[in-house]
Structure formats: structure tokens, C-alpha cells
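# Structural characterization, general
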Amino acid sequence: MTLVLDSAAQDLLFREARTANTFSDEPVTEEQVQAIYDLVKFGPTAFNQTPLRVVLVRSAEARGRLVQHMAEANRPKTAAAPLVAILAADNEFHEELPQLFPHFPQVKDMFFAERPVREQSALVNAALQAAYFIVGVRAAGLAAGPMTGFDFAGVQKEFLDGDHTPVMVVNIGKPGDEAPFPRGPRLAYDEVVTTV
């Protein structure tokens, strides 16, 4: 076997995991979300930066405010999901770098003094962390429904501030009974990988 991860775990995280569009009524607990974060926080990023911020949308009032900013096709599933998370990039992540990258604390000012540089790095690394988050949701035996079909400026204004940029909205929960769409095709190894 080429992979160390056992076949059941490979299925759970990748082969059998699917984007969920419907969910059961089973709640997603704070303990589950904390366990997910406590696992995925170890995923690598550039300079060990941690720009990902997670806003858990639990109250009916907040859910209503979010749903109005979702694309029409995403509104019903966002309204019905047991938990919704807004994943965002903190554009002031560099303030934490002396703590997170202690062997080279000057990195904060040397590389990230300018806001446009920070925004680009925050977006790339928060997206990377968002991918880890989705895999962590799957590792918890839950399904994730990540979406970028929403009004980014509206979600930022409603839930964030000028220093935080939305990356995606993720519906989270146990998958519902409704069958997902058939799995979309994937590119083969030799269509993606080039050796030089």
C-alpha cells in the first residue's frame, strides 16, 4: 500500500465524502467545532501565519441576516443547515507573527508591512486553512457544503469589518436523506502532473 492512511480514513476524508446540500436535524455542537479546529490548526501555512477566522452562525436572527446575502440557489440549504460557518481572512494576521513565528519575529515588518501584500497572503493562506477545515469537518463524521455563491461585500459588512475578507460560507451537519448529485468527474494524474 502506497498511502499510510488506512482505506477507511481515505474514504471518510476523500473518496466517499461528498458536498452536502441537505442535512439531518442533528445539531453540531460547540465541542465538535472545537475538536475540528484543534485538529486542523496544525496544517501548514506560510510563516505559520493563521489568518483564518471563523464566524459560527447559530442564532435564527443571524441566520436570517446571512441568508439574504446568499445566492438564490444557496438560500434554502443555508437556512436549513444545522450550523453555518463564515470563513474569513484576517488581513492584520501579521500582528500575531512574533508569537507564531518566534525564531524570526522580524518577519512581521520585513515581509508584511504593506497592506496589499498582507491581503494577498491572508487570502491564500486562509483559503488553505479553509480546505483543512473542510477535511476536519469530514474527520468529525460530518458533511460540509462550502459555497462562494454569496454577496461578499454584503457578508463582510453584515458580519465582519474592513480588516476581514470573506473567503467562503460552509454549511455543516450530518448529511440528509436526499441523495447528492452524482460525483463530478476528476482529472487523471497525467492530466495534472508534469515532471521536469
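Scroll up to find the structure this text is about.
The following paragraphs examine the structure supplied in this document. All of these numbers come straight from a predicted model, not from anything done at the bench. Here, residues in each chain are numbered from 1, in the same order as that chain's written sequence. Residue-level local features of this predicted model are given only where pLDDT is at least 70; pairs of side-chain atoms are given and counted only at 80 or more, and the full residue set underlies all totals for whole chains, interfaces and linings. Only hydrogens and water are set aside when side-chain values are computed; all heavy atoms of the structure are taken into account.

Together, L187, Y189, V192 and V193 make up a nonpolar patch on the protein surface, roughly 450 Å² of accessible area in all. Helix numbers and strand numbers start at the N terminus; a helix is a DSSP run of H or I with at least 4 residues, a strand a run of E with at least 2. In this fold, L187 is placed in the loop between β4 (164–173) and α9 (189–192). Only residues whose relative accessible area exceeds 30% and that form no salt bridge are eligible for patches; like-charged ones are grouped when within 9 Å, while nonpolar side chains (Val, Leu, Ile, Met, Phe, Trp, Tyr) are grouped when within 5 Å. Per-residue accessibility takes into account occlusion by the displayed protein chains alone, with areas from the Shrake-Rupley method and a 1.4 Å probe. Salt bridges are counted wherever a side-chain nitrogen of Lys or Arg sits within 4 Å of a carboxyl oxygen of Asp or Glu.

Right, let's talk about the pairing of β4 for a bit. Only protein chains enter the calculation, and the probe is 1.4 Å; a residue is then buried if its accessible area is under 20% of its type maximum, exposed if over 50%, and partly exposed in between. Most of β4 is tucked away: 9 of the 10 residues are buried. Note: strand β2 (residues 83–90) against β4, 8 bridges, orientation antiparallel. Counted as the bridge partner of I86 is V169 from β4. Between any two strands, at least two bridges found by DSSP are needed for them to pair. Sheet topology note: the strand β3 (residues 143–147)/β4 ladder contains 5 bridges and is antiparallel. By the bridge assignment, P146 is partnered in β4 with V170.

Time to look at the packing of helix α2 (residues 30–40) against helix α7 (residues 115–139). Note on geometry: axes are C-alpha line fits, over the in-contact stretch for helices, and angles between N-to-C directions span 0 to 180 degrees. It is the contact of α2 with α7, at a shortest axis distance of 9 Å, that shows an interaxial angle of 125 degrees. The angle between α2 and α7 falls in the class oblique. For α2 against α7, the interelement crossing comes out right-handed. Touching I36, L39 and V40 of α2 are Y132, F133, G136, V137 and A139, all from α7. In this count, Pro and Cys sit with the nonpolar residues alongside Ala, Val, Leu, Ile, Met, Phe, Trp and Tyr, while Asp, Glu, Lys and Arg are called charged and the others, Gly among them, polar. Class assignment for the residues of the contact of α2 with α7 results in 7 nonpolar, 1 polar and no charged. Roughly parallel covers angles under 35 degrees, roughly antiparallel covers those over 145, roughly perpendicular covers 65 to 115, and oblique covers all other angles. Throughout, a crossing is termed right-handed when the near helix is turned clockwise from the far one, and left-handed when it is turned anticlockwise from it by less than a right angle. Contact criterion: two residues are considered in contact whenever any of their non-hydrogen atoms come within 4.5 Å of each other.

Time to look at the nonpolar core. Side-chain atoms within 4.5 Å are what join buried Ala, Val, Leu, Ile, Met, Phe, Trp, Tyr and Cys residues into a set we call a nonpolar core. Grouped together as the largest cluster of nonpolar side chains are 25 residues, with contacts concentrated most on L87, F133, V137, M168 and I172. Mapped onto this core, the elements with two or more residues apiece are α2, β2, α6 (107–112), α7 and β4. Per-element accounting of this core gives the leading share, 6 residues, to α7. Excluding residues within four positions of it along the chain, L87 makes contact with L52, R53, V54, A130, F133, T165, P166, V167, M168 and V170. Listed in part, the 17 residues of the second largest apolar core include F23, V57, V155 and V169.

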